[in-house]
Amino acid sequence: LYYRSKRDLFVAVIQEWMISPLLKIFEKQPADFKFPVTLREALADRLGFLNNAFMGNYVSLMSEVYRDYELKEYLYEQLLQPFFNRMEGLYRLVIKTGQIRRLDPQLAVRLVGSLMIGITILNQLEGDKSIFKQIPQENLIEELTHFILLGFTGIIPSPGERKDE
């Protein structure tokens, strides 16, 4: 593949590793969409990156974004804003169908995203001492799902609803 610029290559890498896997999870038809189940799948996908060799590169890539204002703008326009728009539409749907409480979809998307980015950064900073490496991934997914659902719904799923709602 040929990329016209370093920025195009950068966006392609982020798209392939970070955005596309999430979009595949959230492509479900509205009738089939169950927020707790899809949230769990998305968290499992993101947490799969915590111990992935790519994560060391991710931190380096993000530092490049902070240094290069034009790259930051380009990344936002080409990748983040379209992704946010799509996710905000999804949150509007789950709010409308009563799966989560009424809240600003823009805020909801960014809250979940910032939680995952924060976990990623802390995991990298703490290294082998990170609590995220000490807890079995399935337990971490369960705890994060409950944490997010409590904020979005005020309800923690009962044990029977946790994995296969």
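Heads up: these notes are all about the structure in this document. (Residues numbered from 1 in each chain as written. Predicted model: local features only at pLDDT ≥ 70, side-chain atom pairs only at ≥ 80, totals over all residues. Heavy atoms only, no water.)

## Details of the environment of Leu-140
This is how the line gets drawn: Each helix corresponds to a stretch of at least 4 residues labelled H or I by DSSP, and each strand to a stretch of at least 2 residues labelled E; elements are numbered beginning at the N terminus. Using a 1.4 Å probe on the protein chains alone, a residue whose accessible area is under 20% of its type maximum counts as buried, one over 50% counts as exposed, and one in between counts as partly exposed. The criterion used for residue contact is that any of the two residues' heavy atoms lie within 4.5 Å.
As for its position among the elements, Leu-140 is in helix 7 (residues 137–153). By relative accessible area, which is 7% here, Leu-140 ends up buried. Sequence-wise, Leu-140 and Leu-47 are 93 residues apart; in three dimensions their C-alpha atoms are separated by 8.5 Å. Not counting chain neighbours up to four residues away, the residues in contact with Leu-140 comprise Leu-47, Leu-50, Phe-132 and Ile-135.

## What to know about helix 4 (residues 69–96)
The line we're drawing: The reported bend at a residue is simply the angle between two axes, fitted to the 7 residues ending at it and to the 7 residues beginning with it. Definition of a polar contact: a pair of N or O atoms within 3.5 Å, with one able to donate and the other able to accept a hydrogen when the atoms are protein atoms, and with sequence-neighbouring residues admitted only if both atoms are side-chain atoms.
The largest bend in helix 4 amounts to roughly 45 degrees and is located at Tyr-76. Of all the positions in helix 4, only Leu-71, Leu-75, Leu-79, Phe-83, Phe-84, Met-87, Glu-88, Leu-90, Tyr-91, Val-94 and Ile-95 are classed as buried. Structurally, the start of helix 4 carries an N-cap: the backbone nitrogen of Glu-70 is 3.1 Å from a side-chain oxygen of Asp-68.

## Considering the side chain of Asp-8
Here Asp-8 lies in helix 1 (residues 6–25). Residue contacts for Asp-8: discarding those within four places in its chain leaves Tyr-3 and Tyr-74.

## A word on the packing of aromatic side chains
Filter applied, for reference: Ring geometry is summarised as follows: Phe, Tyr and Trp rings, the Trp one being its six-membered ring, pair when their centres sit within 6.5 Å, and such pairs are stacked at plane angles under 30 degrees, edge-to-face over 60 and tilted between the two.
A complete count under the given rule lists four aromatic pairs for this structure. Taken together, a centroid distance of 6.4 Å and an interplanar angle of 45 degrees make the contact between Phe-83 and Phe-84 tilted. According to the relative accessible area criterion, Phe-83 is buried, its value standing at 11%. Phe-84 sits in the buried class, given a relative accessible area of 16%. Ring geometry for Tyr-91 and Phe-152: centres 5.7 Å apart, planes at 80 degrees, overall edge-to-face. With Tyr-91 in helix 4 and Phe-152 in helix 7, this residue pair connects regions lying 61 residues apart in the sequence. Take Tyr-91 and Phe-152: they sit in the same class, and that class is buried.

## Examining the environment of Leu-93
With respect to the helices and strands, Leu-93 occurs in helix 4. On the basis of relative accessibility, which here comes to 26%, the residue Leu-93 falls in the partly exposed class. Residues Leu-93 and Pro-105 lie 12 residues apart in sequence; the distance between their C-alpha atoms is 9.6 Å.

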